Amino acid sequence: MNTMEGNCKVFTEEQEALVVKSWNVMKKNSAELGLKFFLKIFEIAPSAKKLFPFLKDSNVPLHQNSKLKSHAMSVFIMTCESAVQLRKAGKVTVRESSLKKLGAVHFKYGVVDEHFEVTKFALLETIKEAVPELWTPEMKIAWGEAYDQLVAAIKTEMKPPS
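Okay, so let's go over this structure. All values derive from a computational prediction rather than experimental measurement. (Residues numbered from 1 in each chain as written. Predicted model: local features only at pLDDT ≥ 70, side-chain atom pairs only at ≥ 80, totals over all residues. Heavy atoms only, no water.)

Looking at the environment of Val151
Where we set the bar: Secondary structure elements follow DSSP: runs of H or I no shorter than four residues count as helices, runs of E no shorter than two count as strands, and numbering proceeds from the N terminus. Note on exposure labels: buried denotes an accessible area under 20% of the residue type's maximum, exposed denotes more than 50%, and partly exposed covers the range between, all computed with a 1.4 Å probe on protein chains only.
Within the secondary structure layout, Val151 lies in helix α7 (residues 137–156). For Val151, a relative accessible area of 7% puts it in the buried group. As a C-alpha pair, Val151 and Leu102 span 49 residues in sequence and 10.0 Å in three-dimensional space.

What follows is the structure, given as structure tokens:
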């Protein structure tokens with residue numbers, strides 16, 4: 001198995017094409033899909049709400065919470081954009097933030113492996129529902145691989161701030 005940058009598995013051209021094709025369809029609905037993605041996370045793991053300071057004392061229903069909507073959209077876009085450029089960059093890159101910052105925030109709020117697993121499941125379900133006509137087992141594997149590589153990169157930075 002060839003590796004790119006550390007332990008990254010190779011993300012193939014075919015996988016890249018599937019991710020790009022589906023992202024191009026989803027992009028225009030990022031706000032709606034981002035919210036759906038987070039609502040799925042909270043449906044599967046209601047306790048995950050405690051990880052978000054802006055939800056702690058809020059009485060606003062989740063689907064109407066403007067801070068959640070904004071956060072959900074930016075996370076969804078960042079995750080998808082990271083997947084789209086994975087092969088070209090040869091490593092995980094994120095815009096408008098840094099892996100170091102993402103790692104520090106996930107560390108600070110006590111994110112653990114189970115949270116990443118739930119998030120992966122919610123992401124794949126969200127994409128599957130967003131592009132049912134494009135969804136295939138290969139597409140599921142492609143998105144899963146891209147997500148796994150993003151999480152691995154975030155986890156390497158999950159440590160107390162130095």
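Description of the nonpolar core
Generally speaking, soluble globular proteins have nonpolar side chains that are buried together. So the rule is basically this: Throughout, nonpolar core names a set of buried Ala, Val, Leu, Ile, Met, Phe, Trp, Tyr and Cys residues whose side chains join them through atoms within 4.5 Å. Residue contacts are counted whenever heavy atoms from the two residues lie within 4.5 Å of one another.
With 48 residues, the main nonpolar core has Met26, Phe38 and Trp143 as its most contacted residues. If you list the elements that add at least two residues to this core, you get α1 (13–26), α2 (30–44), α4 (66–89), α5 (99–108), α6 (113–130) and α7. The contacts of Met26, once residues within four sequence positions are left out, are Leu33, Phe76, Cys80, Ile127, Ala130, Val131 and Trp143.

A closer look at the pattern of salt bridges
The cut-off we apply is this: Each reported salt bridge corresponds to a side-chain nitrogen of Lys or Arg within 4 Å of a carboxyl oxygen of Asp or Glu.
Summed over the entire model, instances satisfying the criterion amount to eight salt bridges. Where Lys100 meets Glu157, a salt bridge forms, and the shortest distance between an N and an O atom there is 3.5 Å. Separated by 57 residues along the polypeptide, Lys100 in helix α5 and Glu157 in the segment after α7 bring together distant segments of the chain. Measuring nitrogen to oxygen at the nearest pair gives 3.0 Å for the salt bridge that ties Asp148 to Lys120. In this pair, Asp148 is assigned in helix α7 and Lys120 in helix α6, connecting sequence segments 28 residues apart. The class of Asp148 is partly exposed, set by a relative accessible area of 33%. Judged by its relative accessible area of 18%, Lys120 falls in the buried class.

Some words on the packing of aromatic side chains
Worth spelling out the cut-off: The criterion for an aromatic pair is that two Phe, Tyr or Trp rings (for Trp, the six-membered ring) have centres within 6.5 Å, with stacked assigned to planes under 30 degrees apart, edge-to-face to planes over 60 apart and tilted to the rest.
Within this structure, the stated rule accounts for seven aromatic pairs. For the ring pair Phe52 and Phe54, a centre distance of 5.8 Å and an interplane angle of 55° mean the geometry is tilted. Classification of Phe52 as buried rests on a relative accessible area of 15%. The partly exposed category is assigned to Phe54, whose relative accessible area is 24%. Put simply, the rings of Trp23, Phe37, Phe38, Phe42, Phe52, Phe54 and Phe76 pair up and form one aromatic cluster.

Notes on the packing of α5 against α7
The relative placement of two packed helices comes down to the angle between their axes together with the axis-to-axis distance. The cut-off we apply is this: Only the stretch in contact is used when a helix axis is fitted, and all axes are lines through C-alpha atoms; the angle between N-to-C directions ranges over 0 to 180 degrees. Any angle that is under 35 degrees is reported as roughly parallel, and any over 145 degrees as roughly antiparallel; angles of 65 to 115 degrees are reported as roughly perpendicular and all others as oblique. Polarity classes work like this: nonpolar for Ala, Val, Leu, Ile, Met, Phe, Trp, Tyr, Cys and Pro, charged for Asp, Glu, Lys and Arg, and polar for all others, with Gly in that last group.
The contact between α5 and α7 brings their axes to 7 Å, and the two run at 75°. Viewed along their axes, α5 and α7 adopt a mutual orientation that is roughly perpendicular. Contacts between α5 and α7 involve Leu99, Leu102, Gly103 and His106 from the first element and Leu150, Ala153 and Ile154 from the second. Here the contact of α5 with α7 is built from residues that sort into five nonpolar, two polar and no charged.

By themselves, these are just geometric observations and shouldn't be taken as functional.
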